[in-house]
Amino acid sequence: MDSSTNSLDDVSADGSTDYPDRNSTMEVRLQAQEDEITLLKSSLADALRRIRVHDQLLPLLKQQLIAVNPSAARVLNQVSYPDGCTSGRKLSTSSINDGFHHAAAAASQQSQSTVNNANGHIGGVVSAQHQNTRESLDKSTQTEPAMFSVSSHVRSLHLQEALPPGQPMVDGTRGKLHRIPGMEEEEEDQLDEEVGGDQEKETSWASSVEEPIQPSTVRCLQRDDFQDRSLSPDEPGSASASLGSDPNLSCRSGPLSSIQEGEKMLVRRNSEKLGNPERQRKRLDKKAASSANLLTRSPSLENRAKELIASAGLPGSRRGTYSQEQSIKMFIRGRPITMYVPSNIQNYDNLKMELPSERLELDWVYGYRGRDCRANLFFLPSGEAVYFIACVIVLYHINNRTQRHYRKHTDSVRCLAVHPDKVRVASGQTAGVDKDGKPMQACVHIWDSTTLVTLQQIGLGNFQRGVGMGSLAFSIGDSGAFLSVIDDSNEHILSVWDCTKGTKYAEIKTTNEAVFAVDFNPSDSTNIITCGKSHVYFWTLTAGQFTKKQGIFGKYKKPKFIHCFVFSLTGDVLTGDSEGNILPWAKSAADTKTLGKGAKETYQIVRPIKAHEGSVFTLCMLESGALLSGGGKDRKIIRWSADLAPEREVEIPEKFGAVRTVAVVNDEELLVGTTRNAILRGSFSNGFVAIVQGHLDEMWGLATHPSQDLFLSCSHDRQVCLWNTEEHNLDWCITLEEYGLCADFCPSGSVVSVGLSTGRWVVLDLETKEVISESIDGNEQLSVMRYSPDGRFLAVGSHDNFIYIYSVTESGRRYSRFGRCNGHSSFITHLDWSKDGGYIVSNSGDYEILYWDIAGGCKLLRNRFESKDREWASFTCVLGFHVIGVWLEGSDGTDINALCRSHNEKIVAVADDFCKVHLFQYPCPKPKAPSHKYEGHGSHVTNVCFTHNDSHLLSIGGKDTCILQWKVTGGGAGESREVPASVSSTSTGSPEPPAT
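Just so it is clear, the structure is predicted and the values come from calculations on it, not from any experiment. (Residues numbered from 1 in each chain as written. Predicted model: local features only at pLDDT ≥ 70, side-chain atom pairs only at ≥ 80, totals over all residues. Heavy atoms only, no water.)

(A) The pattern of salt bridges, seen in detail. Applying the stated criterion to the full structure yields 27 salt bridges. With a closest N to O distance of 2.8 Å, Lys504 and Glu507 form a salt bridge. In this structure, the salt-bridge partner of Arg639 is Glu647, at a minimum N-O distance of 3.1 Å. Owing to a relative accessible area of 45%, Glu647 belongs among the partly exposed residues under this scheme. Through salt bridges that share partners, Lys835, Glu871, Arg901 and Glu905 make up one connected network. (Salt bridge = Lys/Arg side-chain N within 4 Å of Asp/Glu carboxyl O. Buried < 20%, exposed > 50% of the residue type's maximum accessible area, 1.4 Å probe, protein only.)

Structure follows, in structure tokens:
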């Protein structure tokens with residue numbers, strides 16, 4: 001990548017290594033502590049529920065015991081609470097050493113009545129034959145509550161394990177378990193509001209555990225739980241039947257068996273008002289369901305805490321943790337993101353992630369880098385124009401309209417040079433940095449333009465920051481035996497290399513000022529000229545040593561920049577400068593009168609020629625001896641005779657910008673590269689037309705037509721362009737008042753919406769190119785435009801954290817505000833519609849995943865668990881269960897800019913921040929999923945999109961202003977899936993094996 005692009009990344013990386021990382025670490029620890037507290041609360045709630053079950057059955061068991069053995073009543077009455085407190089008072093623990101404090105419920109006054117415990121829960125129905133016994137027993141328990149100690153061994157605190165084998169869960173409890181995931185707190189709050197009303201102020205529940213639950217407690221509670229579940233309010237005789245069927249079982253396995261053991265277990269402190277027993281029962285049932293759900297997902301509190309700490313890892317890490325086929329948790333920069341497993345995935349752990357059978361082949365490259373490069377357009381005898389953009393060198397046949405691509409560069413190409421044999425080509429690249437911010441090694445490639453085979457790699461690691469723009473030249477006098485290179489370091493080191501051996505012959509520091517061009521004297525390879533900011537240097541190379549002479553401007557005004565130079569047929573040097581002049585230079589004898597006897601010969605200006613208004617950017621010498629010059633401000637191409645007299649001129653259209661470089665096709669026809677990234681073909685007689693066009697600035701907006709081979713792009717250059725993927729050309733281009741950042745076609749295909757940087761969005765008619773509708777939502781930039789699959793709604797995602805919903809009528813020509821989705825705490829990044837057009841899933845800048853019910857009034861769906869099986873019409877959200885595998889280890893949340901699922905839902909393409917396009921199988925819900933990787937962009941890839949029939953994939957770069965069109969191939973069962981994921985695909989025009 002270019003240094004200008006990398007500098008911002010470096011600053012961002014440096015700024016995030018200090019305070020934000022510490023902040024992320026603290027967030028991880030805080031989240032782990034919060035989860036531990038939640039689990040502790042749920043464990044306590046579960047334990048209290050089990051105690052309630054024990055309280056509920058205790059009176060019945062005592063009555064059953066008395067019925068079997070009446071003499072036991074006296075023994076039971078002697079066992080009492082030392083402080084004599086009742087259930088309506090707070091139980092003191094100072095006078096109790098061991099056991100539970102229980103308060104028995106008041107006895108029923110009818111022969112067939114329901115027995116209620118202190119918490120107000122239905123315990124069962126007791127027959128009339130024991131009514132008198134119950135009344136006497138209840139009176140004694142009200143004044144002398146009994147103290148019991150319970151002992152048994154515990155295996156776990158899972159609610160389900162409290163049931164014996166084969167015993168099903170109660171339906172009400174099971175229903176709560178299914179409603180818990182994703183909204184436990186919300187449901188509890190809603191229940192508190194709906195049940196009880198004002199009575200909530202009068203009813204309270206407070207409990208505390210003064211000693212931890214011992215391992216001998218829960219087995220008895222499990223038996224009690226089983227007995228509690230066997231009591232059905234719909235079957236009046238169920239309690240007495242179940243307890244009376246086996247008196248021995250009731251005595252042995254009930255709580256009375258623990259009276260004899262007398263072990264120290266748990267001290268329960270219970271303070272409760274009996275204001276609303278029914279509400280308390282529902283609340284405790286809900287707590288039991290919530291605790292059972294949490295405990296099921298986390299087998300033990302200690303293990304869960306360890307899992308959280310281990311899974312969080314370092315700040316910026318991305319790890320996934322899976323819990324029993326319910327949800328998977330992913331961490332980005334220490335922030336947990338929970339995603340629920342769809343119902344159709346039965347065994348998540350056994351899922352296998354494979355490479356997709358589909359592949360990508362580079363089909364077409366849109367764009368040309370002319371805005372900041374020089375001497376980067378040449379015409380070959382094969383009928384191909386050779387130029388570059390991003391990391392790709394394009395060979396475009398101007399008559400057949402076909403492309404081939406040389407793709408061996410690992411970063412942005414900066415310069416080109418054609419060998420005198422017109423077959424070999426040298427290309428240099430910038431150094432750039434890798435994904436870890438470490439500098440990469442730049443080099444110069446010499447390759448065969450016929451076979452696209454790399455012949456030599458020169459200077460790997462020798463060129464600091466890469467090779468400068470326009471800083472390559474083959475020697476001509478010795479048939480291209482040497483290659484001169486100027487690097488991009490501060491000293492702009494000039495080096496000469498032996499092309500046959502690939503070794504350095506000589507080098508020297510040139511200047512600290514910018515250098516724009518270098519070339520050998522055609523008749524003498526020992527003479528080299530360089531030019532740049534305020535200088536022209538004449539170098540002589542002798543025995544590996546350089547000597548320098550500077551051009552003397554003398555009485556003429558010294559220009560700020562010398563942009564270009566060329567050798568005339570007579571050997572003189574002609575330069576073009578920022579003042580619009582062509583300056584001929586000639587060697588002058590030493591001026592001994594002025595400079596003394598030691599004076600040496602110098603290079604001086606013969607006579608300046610005013611050629612253009614503004615800068616002269618290019619000079620081109622024709623075989624006939626005529627000269628071509630290209631102007632900046634005046635946009636003119638002028639033909640000069642051998643004696644520098646103007647002969648003909650032509651002005652190129654203003655929309656294409658100034659002339660950057662000129663290449664000769666034949667005596668009449670020319671190719672012209674412009675500063676607005678276009679290549680023109682034409683002549684002085686017939687004028688010029690564009691054969692290559694592209695954007696001028698960073699691109700983010702990309703959309704494909706729903707039924708035709710068209711796609712639309714929008715850029716910071718304020719241009720909106722409609723392209724034809726079949727014809728490989730630009731259908732039309734318009735310029736807006738603000739630049740566009742996002743776009744989407746209406747399903748009808750007749751209009752397209754474009755979101756702009758100011759919060760405004762416009763709707764364009766594809767036929768007339770006119771704006772047929774426009775609206776403003778907020779004052780911040782828009783990031784997403786997405787139509788519902790049926791075309792009834794348009795969703796507009798903004799950086800003000802809102803999603804605006806519009807009703808669409810008249811085939812996308814009329815819009816009215818329907819609602820607004822409010823709930824994100826950061827800017828909207830991506831969103832998708834469900835297939836039925838009623839729901840939206842959205843991502844935000846702080847890694848949130850939210851779901852919205854649009855048909856129901858743009859409501860936020862708090863229960864994300866319910867959306868796990870919903871089908872989506874498109875999938876562009878970078879965060880979601882189905883695309884967990886696209887995130888690399890250590891991702892910071894911004895490493896993936898966009899993704900797109902194919903319409904056949906088989907593959908997903910990913911645009912990352914490291915100049916690569918990835919192709920994954922879909923879905924890829926497991927971390928470290930393998931992918932095919934494709935290079936070509938020279939900057940962060942900002943967006944990807946499949947065409948309507950999945951035949952092609954479009955990818956756009958950021959600063960490289962490049963659009964790559966990839967052909968999707970393969971997909972058959974016979975396609976190899978055994979290629980390692982680390983192997984990068986090769987270009988369709990490059991037969992060499994890829995580097996691993």
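(B) Layout of the pairing of strand 60 (residues 941–946). Across the 6 residues that make up strand 60, a large majority, 6, are buried. Of the strand pairs in this sheet, strand 60 and strand 61 (residues 952–957) are connected by 5 bridges, and their pairing is antiparallel. Pairing of Val941 across the sheet is with Gly957, part of strand 61. The loop that links strand 60 with its antiparallel partner strand 61 comprises 5 residues; one of these, Asp950, has a positive phi angle of about 60 degrees. (Helix = DSSP H or I, 4+ residues; strand = E, 2+ residues; numbered from the N terminus. Pairing = 2+ DSSP bridges.)

(C) How the structure looks around the environment of Gln456. Examined against the element boundaries, Gln456 turns out to sit in strand 18 (residues 454–458). For the pair Gln456 and Lys501, spaced 45 residues apart in sequence, the C-alpha separation works out to 9.1 Å. One polar contact links the side chain of Gln456 to the main-chain carbonyl oxygen of Thr500, over a distance of 3.4 Å. (Polar contact = N/O pair within 3.5 Å; in protein donor to acceptor, adjacent residues only side chain to side chain.)

(D) Representation of unusual backbone geometry within the structure. In the segment running from Tyr922 into Pro923, the intervening peptide bond is cis, with an omega of -5 degrees. Along the chain, Pro923 falls in the loop between strand 58 (916–921) and strand 59 (932–935). Even without being a glycine, Ser811 presents a positive backbone phi close to 55 degrees. Note on placement: Ser811 falls in the loop between strand 50 (802–809) and strand 51 (814–822). In this structure Ser811 comes out as partly exposed when scored by relative accessible area, which is 47%. For Cys858, which is not glycine, the phi torsion reads 60 degrees and is therefore positive. Take Cys858: it is sitting in the loop between strand 54 (849–853) and strand 55 (859–860).

(E) Representation of the UniProt feature "repeat: WD" (unreviewed entry) in the protein chain in the model. The UniProt feature table records "repeat: WD" (unreviewed entry) at residues 692–726 and 821–854. With 0% helix and 54% strand, residues 692–726 has its two end C-alpha atoms placed 15 Å apart. Counting secondary structure, residues 821–854 comes out at 0% helix and 56% strand; the distance between its end C-alpha atoms is 8 Å. (UniProt positions renumbered as here; feature names shortened; annotations may be inferred.)

(F) Region of interest: empty space enclosed by the protein. A full pass over the atoms with the stated rule returns 9 cavities of 30 Å³ or more. Together, 17 residues line the largest cavity, and Tyr851, Ser867, Gly880, Phe881 and His882 are the ones closest to its centre. Broken down by secondary-structure element, the contributors of at least two residues to the lining of the largest cavity are strand 9 (335–340) and strand 54. Considering every element that reaches the lining of the largest cavity, the biggest residue donor is strand 9, with 3 residues. A per-class count over the lining of the largest cavity returns 11 nonpolar, 4 polar and 2 charged. (1 Å grid on protein atoms, 1.4 Å probe; cavity = no way out; pocket = protein on both sides within 12 Å on 5 of 7 lines; lining within 4 Å. Points joined across faces, edges and corners; volume = space filled by probe spheres on them. Nonpolar A, V, L, I, M, F, W, Y, C, P; charged D, E, K, R; others polar.)

(G) Fine view of the sheet that holds strand 62 (residues 963–970). Reading across the sheet, the 4 strands line up as 10-62-61-60 and stay open at both edges, with antiparallel pairing between neighbours. Each edge of the open sheet carries a strand with a single partner, namely strand 10 (358–366) and strand 60. Averaged over all adjacent pairs, the angle separating strand axes in this sheet is 25 degrees, with direction ignored. Where strand 10 lies against strand 62, 8 bridges are found, and the strand directions are antiparallel. For Tyr366, the partnering residue across the bridge sits in strand 62 and is Ile963. (Axes fitted to C-alpha atoms, helices over the stretch in contact; angles between N-to-C directions.)

(H) Structural view of the sheet that holds strand 48 (residues 782–787). One open sheet accounts for 4 strands, arranged 48-49-50-51; its pairing is antiparallel. The open sheet has two edge strands with one neighbour each: strand 48 and strand 51. The average angle at which neighbouring strand axes cross in this sheet is 20 degrees, direction not considered.

(I) View of the side chain of Gln719. Looking at the secondary structure, you find Gln719 in strand 42 (residues 719–724). Leaving out residues up to four positions away in the same chain, Gln719 has contacts with Arg676, Gly694, His695, Ser713, Cys714, Cys733, Ile734 and Thr735. (Contact = heavy atoms within 4.5 Å.)

(J) Broad picture of the packing of aromatic side chains. Under the criterion given, the structure shown has 26 aromatic pairs. Between Tyr368 and Tyr387, the ring centres sit 5.8 Å apart and the planes meet at 80 degrees, which makes this aromatic pair edge-to-face. With a gap of 19 residues between them, Tyr368 in the loop between strand 10 and strand 11 (378–379) and Tyr387 in strand 12 (residues 384–389) connect regions that are remote in the sequence. Residue class for Tyr387 comes out buried when judged on its relative accessible area of 0%. The interplanar angle of 5 degrees and the centroid separation of 4.4 Å between the aromatic rings of Tyr406 and Trp447 together place this pair among those described as stacked. Taken together, the residues Tyr406 in strand 14 (residues 402–406) and Trp447 in strand 17 (residues 444–448) connect sequence positions 41 residues apart. Grouping residues by exposure puts Tyr406 and Trp447 together as buried. Taken together through their ring pairs, the aromatic side chains of Phe538, Phe553, Trp585 and Tyr603 make up a single cluster. When the ring centre of Tyr537 is taken as origin, the NZ or CZ atom of Lys548, which lies over that ring, is 4.3 Å away. The ring centre of Phe802 lies 3.9 Å from the NZ or CZ of Arg820, which sits over that ring. (Phe/Tyr/Trp six-rings, centres within 6.5 Å; stacked < 30°, edge-to-face > 60°. Lys NZ or Arg CZ within 6 Å of the ring centre and 35° of its normal.)

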